[in-house]
Amino acid sequence: MLAAIDVRDLMGRPGASREEPVVGTVEGLATELARVPEDAPIRADLVLESLVEGILVSGHVGGRWSLRCARCLVEFEQPFHLDLDELFVRHPDEGADAYPLGPEGQLDPDQMIRDVVGVEMPFSPLCRSDCQGLCATCGGNRNEGECPGHAEFDHRFAVLADLFPDLPDLD
Ligand SMILES: [Zn+2]
Ligand SMILES: [Zn+2]
């Protein structure tokens, strides 16, 4: 959980701005093949700028995520670095693209960072662009040559065996 930022010094002072570094952990950021480990701190370097309608937050957020290759299922880690540019207002309209400012002038960056990172999490990560994936016959990792000595299973033979169940075994 990231701590809320007190922005009373910026409220009602359009044009005023300041920098605000934010460091902390964000829980529950995970999809099927990607997650931000809960012990991996996220760092955001934010610029808070006072506008007539609220506070504009820009800057970048960085950390590392733990990914599982969609082809060979090996886990690996990767740093990420994302830009953000979001508006906080006192009373966001329903469906508006803005986050709420707290009544005491608090700006809570947690949901914003969760959204910015969550939407960029790789949907189909690859350990490397030419990952060979797993062997369809034995499940070995083909990147590591784990299945020497046997040919890839040929699906045409499987179809033949289904059509002619009385045929002697093909292997
Ligand atoms: Zn892979
Ligand atoms: Zn194999």
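Criteria and cut-off values
Residues numbered from 1 in each chain as written. Chains lettered and ligands numbered in written order. Predicted model: local features only at pLDDT ≥ 70, side-chain atom pairs only at ≥ 80, totals over all residues. Helix = DSSP H or I, 4+ residues; strand = E, 2+ residues; numbered from the N terminus. Buried ≥ 20, exposed ≤ 12 C-beta atoms within 10 Å, placed from the backbone. Arc of directions from axis to C-beta. Contact = placed C-beta atoms within 7 Å. Pairing = 2+ DSSP bridges.

A. Summary view of the overall build of the protein chain. The secondary structure content of the protein chain amounts to 2 helices and 8 strands. Ordering the α and β elements of the protein chain from the N terminus gives β-β-β-β-β-β-β-β-α-α. The 171 residues of the protein chain split such that 17% are buried.

B. Highlighting helix α1 (residues 110-120). Inspection of α1 places M112, I113 and V117 among the buried residues, and these make up the whole buried set. Relative to the axis of α1, the buried residues are bounded by an arc of 115 degrees and lie together on one face. Buried residues along α1 sit in contact with β4 (42-50), β5 (54-68), β6 (75-89) and β7 (99-100).

C. The pairing of β6, seen in detail. Pairing of β5 with β6, which is carried by 15 bridges, proceeds in the antiparallel orientation. Bridging from a neighbouring strand, R64 pairs with P79 of β6. Between β5 and β6, which pair antiparallel and follow one another directly, the connecting turn spans 6 residues, one of which, L73, has a positive phi of 70 degrees. Bridge count for β6 against β7 is 2 bridges, and the pairing is parallel. Pairing of V89 across the sheet is with P100, part of β7.

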